[in-house]
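Each chain, written out:
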There are 2 protein chains.
Amino acid sequence: MSQSLQLKNAGLKSTLPRLKILDLFGSGLECHLSADDIYRKLLESGVDVGIATVYRVLTQFEQAGLLVKRHFEGDKSVFELNQGKHHDHIVCLQCGKVEEFYDEIIETRQKTIAAERGFSVNDHTLSIYADCLKADCPNKRQGIV
Amino acid sequence: MSQSLQLKNAGLKSTLPRLKILDLFGSGLECHLSADDIYRKLLESGVDVGIATVYRVLTQFEQAGLLVKRHFEGDKSVFELNQGKHHDHIVCLQCGKVEEFYDEIIETRQKTIAAERGFSVNDHTLSIYADCLKADCPNKRQGIV
DNA sequence: GTTGAGAATGATAATGATTATCATTACCAA
DNA sequence: TTGGTAATGATAATCATTATCATTCTCAAC
Ligand SMILES: [Mn+2]
Ligand SMILES: [Mn+2]
Ligand SMILES: [Zn+2]
Ligand SMILES: [Zn+2]
């Protein structure tokens, strides 16, 4: 589906900042970007956008169900494409790379644990902070991408 | 162990703000307090402390291993006594109550998942946001305590 | 294609949590 | 008791995020 149609479906007018921000997330999954990441990337690519617009658009996209907001370690939140299905994250403490996973055993176990204690699960976040053992892991942190 | 001795062991001088803050956490477990919670409670109890001191002391206690910092939903972080052993949390979306749990199956599964993907787990956070089904759950949010 | 009402933008001020400064005060070893 | 030094607290500064508001842009109607 074209991006401008995506926006139309979400009840949002097709504007340059919105199209460019949608572009950044592209079709590439496992892409977790902060407002500042996006602001910086747009300026680099010659799109003269305001930081206020970035925050506004991200919030609108989140409310429209296009994006999902995440809170990893650190102070700033990141956004990713809404993949329609829940998943959890492994964050590399060396390079900041984020990998996604879904595990039925963990999911089921959480419901059981909550039920045993008199809770009905609404949502959850599981973030594993780990060291990447791969050879190509750049041994320095550089913002969660 | 007396509180002033606890402070001495941590290499910290025994001062009124430090003793009073340590007091607040007391022996009661499952006590998760934000800097502002603590600041407010101290003022209420007649201890005229500055908010800067609260933040400073919390950081010192965390570095000394007396407290652990947590990040639940929302903007402010909370602290709890360092119980020496890892645990995860269920947060009631109605009243904000926090319950703790530890599940060996989930812990083990995380290590397996990470290993399969070439990661060595360093740390993790699992927070379940749920609705408390108990009758005495006050149906309003009132800050995470 | 032109146009106008209303939405969107961006510069900037405001906010809320947290940290840094720095002059004053309190702790404690001698 | 006292002096050196660490701790405190009022306040300014910082950082991410949100609110304001005058200006610009979009798009449906003509
Ligand atoms: Mn993800
Ligand atoms: Mn806890
Ligand atoms: Zn999950
Ligand atoms: Zn755990």
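Above this text you will find the structure in question.
Below or above, wherever it landed, is the structure these notes cover. (Residues numbered from 1 in each chain as written. Chains lettered and ligands numbered in written order. Predicted model: local features only at pLDDT ≥ 70, side-chain atom pairs only at ≥ 80, totals over all residues. Heavy atoms only, no water.)

### Digging into the overall build of chain A
Keep this limit in mind: Each helix corresponds to a stretch of at least 4 residues labelled H or I by DSSP, and each strand to a stretch of at least 2 residues labelled E; elements are numbered beginning at the N terminus. Contacts are residue-level and defined by heavy atoms, with any inter-residue pair within 4.5 Å sufficient. Values of accessible area rely on a 1.4 Å probe in the Shrake-Rupley scheme; residue burial ignores everything except the protein chains shown. A residue counts as positive if it is Lys or Arg and as negative if it is Asp or Glu; His and the chain ends are not included. Positions of charges follow a simple convention, taking NZ of Lys, CZ of Arg, CG of Asp or CD of Glu.
If you tally the helices and strands in chain A, you get 5 helices and 6 strands. Each helix (α) and strand (β) of chain A, taken in turn from the N terminus, gives the series α-α-β-α-α-β-β-β-β-α-β. C-alpha extents for chain A along the principal axes are approximately 50 × 40 × 25 Å. Sequence separation of 24 or more characterises 51% of the internal contacts of chain A that already satisfy a separation of 6 or more. Counting only carbon and sulfur atoms, one obtains 50% of the accessible surface of chain A, whose full area is about 7,700 Å². Counting 18 positive and 20 negative side-chain charges, chain A places the centres of these two groups 6 Å from one another.

### Some details on the coordination of the manganese ion (ligand 2)
Residues and elements named next belong to chain B. What counts here: Each metal's donors are the N, O and S atoms within 2.8 Å of it, or within 3.2 Å when it is Na, K or Ca, and because water is not part of the set, sites may look incomplete. Donor angles set the geometry label: tetrahedral for four donors if every angle is between 85 and 135 degrees, square planar for four and octahedral for six if opposite donors exceed 155 degrees and the others are between 65 and 115, irregular for anything else. Here the term buried applies to any residue with accessible area under 20% of the maximum for its type, exposed to any over 50%, and partly exposed to those in between, with areas from a 1.4 Å probe on protein chains only.
The coordination sphere of the manganese ion (ligand 2) contains the protein donors His-32 (NE2), Glu-80 (OE), Glu-80 (OE), His-87 (NE2), His-89 (NE2) and Glu-100 (OE), at a distance range of 2.1 to 2.4 Å. For the manganese ion (ligand 2), the 6 donor atoms are set out with angles of 55 to 173° between them, so the coordination reads as irregular. For the manganese ion (ligand 2), the donor residues sit on a single chain with the sequence spacing H-x47-E-x6-H-x1-H-x10-E. On the criterion of sequence distance, the pair formed by His-32 in the loop between α2 (16–25) and β1 (33–34) and His-87 in the loop between β3 (78–81) and β4 (88–92) is long-range, its members being 55 residues apart. Overall, His-32 belongs to the buried group, its relative accessible area being 0%.

### Re the pattern of salt bridges
Residues and elements named next belong to chain B. Our working definition: Whenever a carboxyl oxygen of Asp or Glu lies within 4 Å of a side-chain nitrogen of Lys or Arg, that contact is scored as a salt bridge.
Here the structure, examined in full by the defined rule, presents 10 salt bridges over all chains. Its salt-bridge partner being Arg-40, residue Asp-36 comes within 2.1 Å of it at the nearest N-O pair. Here Asp-36 and its partner Arg-40 are both found in helix α3 (residues 35–44), 4 residues apart, which amounts to about one turn of the helix. Arg-40 sits in the partly exposed class, given a relative accessible area of 47%.

### Remarks on the protein's contact with DNA strand C
Here is the rule we go by: When at least one non-hydrogen atom of a residue lies within 4 Å of a molecule or strand, that residue is treated as near it. Two N or O atoms count as a polar contact when they lie within 3.5 Å, although within protein this holds only if one can serve as hydrogen donor and the other as acceptor, and sequence-adjacent residues are included solely when both atoms are side-chain atoms. In the scheme used here, Gly and all other residues not listed as nonpolar or charged are polar, with Ala, Val, Leu, Ile, Met, Phe, Trp, Tyr, Cys and Pro taken as nonpolar and Asp, Glu, Lys and Arg as charged.
Around DNA strand C, a shell composed of 18 residues is seen, among which A:Thr15, A:Asp48, A:Thr53, A:Arg56 and B:Tyr55 lie nearest. Sugar and phosphate atoms represent 68% of those atoms of DNA strand C found within 4 Å of the protein. A distance of 2.9 Å is found between a phosphate oxygen of DNA strand C and a backbone nitrogen or oxygen belonging to A:Asp48. One of the side-chain N or O atoms of B:Tyr55 is found 2.5 Å from a phosphate oxygen in DNA strand C. Counting residues per element, the ones that place at least two in the surface near DNA strand C are α2 (16–25) and α4 (51–63) of chain A together with α4 (51–63) of chain B. For the surface near DNA strand C, the class distribution of residues is 5 nonpolar, 5 polar and 8 charged.

### With respect to the nonpolar core
Quick note on the threshold: Buried residues of nine kinds, namely Ala, Val, Leu, Ile, Met, Phe, Trp, Tyr and Cys, make up a nonpolar core once their side-chain atoms join them within 4.5 Å.
Membership of the largest hydrophobic core comes to 26 residues, with the highest contact counts inside it found for A:Ile90, A:Phe119, B:Ile90 and B:Phe119. Of all elements in the fold, only β4 (88–92), α5 (104–116) and β6 (119–132) of chain A together with β4, α5 (104–116) and β6 (119–132) of chain B reach the threshold of two or more residues within this core.

### Details of the protein's contact with DNA strand D
For DNA strand D, the set of nearby residues contains 18 residues, the closest of which are A:Tyr55, A:Ser77, B:Thr15, B:Asp48 and B:Arg56. In DNA strand D, atoms within 4 Å of the protein come 68% from sugar and phosphate. Between DNA strand D and B:Arg18 there is a distance of 3.0 Å, counted from a phosphate oxygen to a side-chain nitrogen or oxygen. Going through the elements one at a time, α4 of chain A together with α2 and α4 of chain B are the ones with two or more residues in the surface near DNA strand D. By residue class, the composition of the surface near DNA strand D is 5 nonpolar, 5 polar and 8 charged.

### Describing α4(A)
Residue and element names in this part refer to chain A. Short version of the rule: A helix is expected to reach a length of 1.5 Å times the quantity of its residues less one. The arc in question is the one traced by the directions running from the helix axis out to the C-beta atoms.
With 13 residues, α4 ought to run about 18 Å at 1.5 Å a step, and its terminal C-alpha atoms sit 19 Å apart, in line with that. Residues of α4 that are buried include every one of Thr-53, Val-54, Val-57, Leu-58 and Phe-61, and no others. The buried residues of α4 occupy one face: seen down the axis, they fall within an arc of 130°. Among the structural elements, α1 (3–9), α2, α3 (35–44), β2 (67–70) and β3 (78–81) are those in contact with the buried residues of α4. Phi for Gly-65, located one or two positions after α4, is positive at around 85°.

### Details of the packing of α3(A) against α4(A)
All names here are of chain A. Quick note on the threshold: As a rule, the C-alpha atoms of each element are fitted with a line to give its axis, helices using only the stretch in contact, and angles between N-to-C directions run from 0 to 180 degrees. Each angle receives one of four descriptions, namely roughly parallel if under 35 degrees, roughly antiparallel if over 145, roughly perpendicular if within 65 to 115, and oblique otherwise. Should the near helix be turned counterclockwise from the far one by less than a right angle, the crossing is left-handed, whereas a clockwise turn marks it as right-handed.
Two numbers describe how α3 lies on α4: the axes approach to 9 Å, and their chain directions differ by 125°. One way to sum up the angle between α3 and α4 is to call them oblique. As α3 runs across α4, the sense of the crossing is right-handed. Facing Ala-35, Ile-38 and Tyr-39 of α3, the residues of α4 in contact are Ile-51, Val-54, Tyr-55 and Leu-58. Class assignment of the residues belonging to the contact of α3 with α4 gives a composition of 7 nonpolar, no polar and no charged.

Scope: geometric values only; no functional claims are made or implied.
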